[in-house]
Amino acid sequence: MQTRLIVFQGISTMSKFFSEAASVEAVNVRMGERADPRLKHVMSSLVKHLHAFIKDVHLTQNEWELAIDFLTRTGQICSEERQEFILLSDTLGVSMLVDAINNRRPQTATENTVLGPFHVKGAPEREMGTRISFDGKGESCLFDGRVMDLDGNAIAGARIDVWSDNAEGFYDVQQPDIQPKWNNRGVFTTGSDGRYSFIGIKPVSYPIPHDGPVGKMLEALERHPYRPAHMHFIVTAPDFQRLVTHTFVGDDAYMTSDAVFGVKETLVAPYTRLQNAVTTWHSTFDFVLTPSSRGRELEIY
Ligand code: BEZ
Ligand code: FE
């Protein structure tokens, strides 16, 4: 208490009351000595940047009310099935920034990208090489490749969880009464050669959910809600960092304007048209995992 008072009085221009000039200090000085240090660090920086932003744009009372209303509607539309705040974070580039900061990897390792709201835990474990697409729509595509460590050695026992939209741009969970359950989803485990393969469809671009406040925000900013076509992957293996990623269809019209900023150049996969085959397309992509041990991480960075 004593220290707080001294710090407070130590700022020459400051009174004991709130003022525009000393707004940040007025708030941050209230934090107690026993509050968690990391929480104090994060919150004092948040207050500093938030106040600077409000001063920078000279936020009007009406704009403040609009912002409160926007956040209220964002919360109100959230449910077990829908997370509008994450969508807001995705469309503002915040999800990808947090992901980038927390997944710095050696150059040769496969890059992470956004998880998205359509992953479902507990997808069926399938035999290598089998189908994941069951609604009879779309152009079939053989996906294959290897899971490797940084030295190119095969990783056995890697678990590959995959999911994509259907040919009409919807995930099965968006159309539970139309699509078969677990359509375009499956889990595969690599053998000693580290190889994986399965037959899905060539994914198509689709809009993120845009019938809520985030959709309205995009519209007001003259931004479209589309994501370029991609296949989702989560690759996990003991002693390696979890890889959450996609592979992209490189010639998609939305590659350079993904609504959630998830595209990375290294994640573009080839799509080759197969001649005289039952399967129409072939897409090969190798995943390179980063070890999870701390010692190794220090060595890399
Ligand atoms: C997705 O790729 O499934 C996705 C990612 C972020 C927001 C919406 C959808
Ligand atoms: Fe997706």
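Residues numbered from 1 in each chain as written. Chains lettered and ligands numbered in written order. Predicted model: local features only at pLDDT ≥ 70, side-chain atom pairs only at ≥ 80, totals over all residues. Heavy atoms only, no water.

Student: Explain the coordination of the iron ion (ligand 2) to me, please; I cannot follow it from the model alone.
Tutor: The reference angle at a metal is 109.5 degrees if four donors form a tetrahedron and 90 or 180 degrees if six donors form an octahedron. On the protein side, the iron ion (ligand 2) has Tyr-171 (OH), Tyr-206 (OH), His-230 (NE2) and His-232 (NE2) as donor atoms, found 1.9 to 2.2 Å from it. In this structure, the iron ion (ligand 2) is coordinated by 6 donor atoms arranged in irregular fashion, with angles at the metal of 53 to 166 degrees. Summarised as a motif, the one-chain spacing of the donors to the iron ion (ligand 2) is Y-x34-Y-x23-H-x1-H. Residue Tyr-171 is found in the loop between β2 (159-163) and β3 (185-189), and its partner His-232 is found in strand β7 (residues 230-236); the two are separated by 61 residues along the sequence. There is no split in this pair, since Tyr-171 and His-232 are both buried. (Donors = N, O, S within 2.8 Å, 3.2 Å for Na, K, Ca; no water. Tetrahedral: all angles 85-135°; square planar, octahedral: opposite > 155°, others 65-115°. Helix = DSSP H or I, 4+ residues; strand = E, 2+ residues; numbered from the N terminus. Buried < 20%, exposed > 50% of the residue type's maximum accessible area, 1.4 Å probe, protein only.)

Student: Explain the domain arrangement of the chain here, please?
Tutor: Interface size is often expressed as the accessible area that is lost when the parts come together. As far as domains go, the chain holds domain 1 (3-59) and domain 2 (89-300). Between the C-alpha centres of domain 1 and domain 2 there is a distance of 43 Å. (Domains from an automatic or database assignment.)

Student: Is there a simple way to explain a nonpolar patch on the surface in this structure?
Tutor: Together, Leu-39, Val-42, Met-43, Leu-46, Leu-50, Phe-53, Ile-54 and Val-57 give the surface a local cluster of nonpolar side chains, amounting to about 660 Å² of exposed area. Within the fold, Val-42 resides in helix α3 (residues 37-57). According to the relative accessible area criterion, Val-42 is partly exposed, its value standing at 38%. (Patch = residues over 30% accessible without salt bridge, like charges linked within 9 Å, V, L, I, M, F, W, Y side chains within 5 Å. Areas by Shrake-Rupley, 256 points an atom, 1.4 Å probe, with all protein chains shown as cover. Salt bridge = Lys/Arg side-chain N within 4 Å of Asp/Glu carboxyl O.)

Student: Sorry if this is basic, but what is going on with the packing of helix α5 (residues 84-91) against helix α7 (residues 213-220) here?
Tutor: Geometrically, a packed helix pair is captured by the angle between its two axes and the distance between the axes. At a minimum axis separation of 9 Å, α5 and α7 run at an interaxial angle of 25 degrees. With respect to each other, α5 and α7 are oriented roughly parallel. Across the interface between the two elements, Glu-84, Leu-87, Leu-88 and Thr-91 from α5 touch Pro-213, Val-214, Gly-215, Met-217 and Leu-218 from α7. Each residue belonging to the contact of α5 with α7 can be placed in one class, and the counts come to 6 nonpolar, 2 polar and 1 charged. (Axes fitted to C-alpha atoms, helices over the stretch in contact; angles between N-to-C directions. Parallel < 35°, antiparallel > 145°, perpendicular 65-115°, else oblique. Contact = heavy atoms within 4.5 Å. Nonpolar A, V, L, I, M, F, W, Y, C, P; charged D, E, K, R; others polar.)

Student: What should I look at first to understand the site of ligand 1 in this one?
Tutor: Residues in contact with ligand 1, as listed here, are Leu-87, Asp-90, Gly-116, Pro-117, Phe-118, Tyr-171, Tyr-206, Ile-208, Arg-227, His-230, His-232 and Val-260. His-232 places a side-chain nitrogen or oxygen 3.1 Å from an oxygen atom of ligand 1. For ligand 1, the protein covers 100% of the area, taking 260 Å² as the surface of the free molecule. Of the residues in the shell around ligand 1, the class split is 7 nonpolar, 3 polar and 2 charged. (Near = heavy atom within 4 Å. Polar contact = N/O pair within 3.5 Å; in protein donor to acceptor, adjacent residues only side chain to side chain.)

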